[in-house]
Amino acid sequence: MTVVAMVAGAPIAEAEVDAREAALRSGPRAAALPASGTSEGRQLRRWLTQLIVTERVVAAEFAARGLSASAAPSESELLPDLTARMEMGSVAAAALADPRARALFVSLTAAVHVTTEQVAGYHARNPLRFAPPRTLGYGWRAPAATAPPLDRAGPLIAEHLLGVARRRVFRDWLDARRAALVQLAPGYEHPGDPRQPDNTHRH
């Protein structure tokens, strides 16, 4: 058995990466995937390895905490838009497809909160961020010309800041746990690792 990674001493076989890649290549987005054996194809396999080890780390913590996934929030609640997904990172965002990961997210971020001072400060720096657009007629709309008062924009700002803070806490925890528990085999380094030969910047 060829091992691509170890997670807390447990091996992940190359066959598991092969199976994930085969499932992608037989799916509806197969035409968008890089060709096997190319630099980009190897980067895809590295990304899949990152996803698999992340799923193992999440599953172990989920079990250790005795959590239940029955009341886990939806993906759209934790990742409401593309910006949120980019904040989280592609691997962590993909891992949140599993309700166990979403339940763990809730557990890890339950103590995160946003202060009224943070909300007021954000509003002062970004007064038009949550201002509804103006209606011009005939279906046309334009950016708001005046800022909504803090008491109206405050709940939206608080929700936004809380989401950002919770995603940061979860991402930082996940980075730390992977650093502590995961060992990657040569050829299966992180896609962004500058030491691996396929991490090149081209124009």
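Here, every reference points to the structure presented above.
Residues numbered from 1 in each chain as written. Predicted model: local features only at pLDDT ≥ 70, side-chain atom pairs only at ≥ 80, totals over all residues. Heavy atoms only, no water.

J.: Describe the overall build of the chain, listing the residues and the values that go with them.
T.: Regarding its fold elements, the chain presents eight helices and five strands. Helices and strands in the chain line up, N terminus first, as β-β-α-α-α-α-α-α-α-β-β-α-β. On C-alpha atoms alone, the chain measures out to a radius of gyration of 21 Å, which is more than a quarter above the 17 Å that the 2.2 N^0.38 rule sets for 203 residues. With the C-alpha coordinates of the chain rotated into their principal frame, the extents come out at 65 × 45 × 35 Å. Counting every position in the chain, which comprises 203 residues, the buried fraction comes to 34%. Here the contacts in the chain between residues at least 6 apart in sequence split such that 69% fall between residues at least 24 apart. Surface summary for the chain: the accessible area is close to 12000 Å², and the carbon and sulfur share equals 58%. Here the chain carries 24 positive and 20 negative side-chain charges, and the mean point of each set is 4 Å from the other. (Helix = DSSP H or I, 4+ residues; strand = E, 2+ residues; numbered from the N terminus. Rg over C-alpha atoms; globule rule 2.2 N^0.38 Å. Buried < 20%, exposed > 50% of the residue type's maximum accessible area, 1.4 Å probe, protein only. Contact = heavy atoms within 4.5 Å. Areas by Shrake-Rupley, 256 points an atom, 1.4 Å probe, with all protein chains shown as cover. Lys, Arg positive; Asp, Glu negative; His and termini not counted. Charge placed at Lys NZ, Arg CZ, Asp CG, Glu CD.)

J.: With reference to specific residues and values, describe the nonpolar core.
T.: L79, M88, L96, F170 and L174 are the most contacted members of the largest nonpolar core, which totals 27 residues. Within the residue set of this core, elements represented by two or more residues are β1 (3-7), α2 (39-64), α4 (82-88), α5 (90-95), α6 (99-108) and α8 (150-181). Sorting elements by how many residues they give to this core places α2 first, with six residues. The residues touching F170, leaving out its near neighbours within four places in the chain, are M88, L96, A101, L104, F105, L108 and T109. Core analysis: the next-biggest nonpolar cluster, separate from the first, contains six residues, V119, Y122, I157 and L161 among them. (Core = buried A, V, L, I, M, F, W, Y, C linked by side-chain atoms within 4.5 Å.)

J.: Give a description of the packing of aromatic side chains that names residues and reports values.
T.: In this structure the tally under the stated criterion is three aromatic pairs. Each ring, one from F105 and one from F170, has its centre 5.2 Å from the other, and the planes form 45°; the classification is tilted. Of this pair, F105 sits in helix α6 while F170 sits in helix α8, placing them 65 residues apart in sequence. Taken individually, F105 and F170 each receive the classification buried, so the pair is uniform in this respect. (Phe/Tyr/Trp six-rings, centres within 6.5 Å; stacked < 30°, edge-to-face > 60°.)

J.: Requested: an account of α8, with residues and values cited.
T.: An ideal rise of 1.5 Å per residue puts 46 Å on 32 residues; α8 measures up with 45 Å between its terminal C-alpha atoms. Taking the largest bend as the criterion, α8 deviates by roughly 25°, centred on L156. Within α8, the full set of buried residues consists of A153, G154, I157, L161, G163, V164, A165, R167, F170, W173, L174 and R178. (Expected span 1.5 Å × (residues − 1). Bend = angle between axes of the 7 residues up to and from the residue.)

J.: Mind laying out the sheet that holds strand β5 (residues 182-184), listing which residues take part and the relevant values?
T.: Two strands in a sheet stick together by hydrogen bonds in their backbones, pointing the same way (parallel) or opposite ways (antiparallel). The sheet built from three strands is open, its strands ordered β2-β1-β5 with antiparallel pairing. Two strands close off the open sheet at either side, each with one partner strand: β2 (10-13) and β5. Direction aside, the axes of adjacent strands within the sheet are offset by 25° on average. Note that β1 and β5 share three bridges and pair antiparallel. Note on β5: the bridge partner recorded for M6 is Q183. (Pairing = 2+ DSSP bridges. Axes fitted to C-alpha atoms, helices over the stretch in contact; angles between N-to-C directions.)

J.: Which residues make up the pattern of salt bridges, and what are the values?
T.: All told, the structure shown has 15 salt bridges when counted by the stated rule. A salt bridge links R20 to E55; its shortest N-O distance comes to 2.5 Å. Taken together, the positions of R20 in helix α1 (residues 14-25) and E55 in helix α2 put the pair 35 residues apart, joining distant regions of the chain. The partner of R85 in a salt bridge is E75, with the nearest N and O atoms 3.4 Å apart. (Salt bridge = Lys/Arg side-chain N within 4 Å of Asp/Glu carboxyl O.)

J.: Could you give an account of the pairing of β2, with specific residues and numbers?
T.: Inspection of the sheet shows β1 paired to β2 by four bridges, in the antiparallel sense. Looking at the pairing, A5 lines up with I12 of β2. The hairpin turn running from β1 into β2, its antiparallel successor, is two residues long, and A8 in that turn takes a positive phi close to 55°.

J.: Quick rundown of the environment of A97? Include the residues and the values.
T.: If you trace the backbone, A97 turns up in the loop between α5 and α6. Expressed as a C-alpha distance, the spacing of A97 and E75, which sit 22 residues apart in the sequence, is 6.5 Å. With sequence-adjacent residues up to four places away left out, A97 is seen in contact with E75 and R102.

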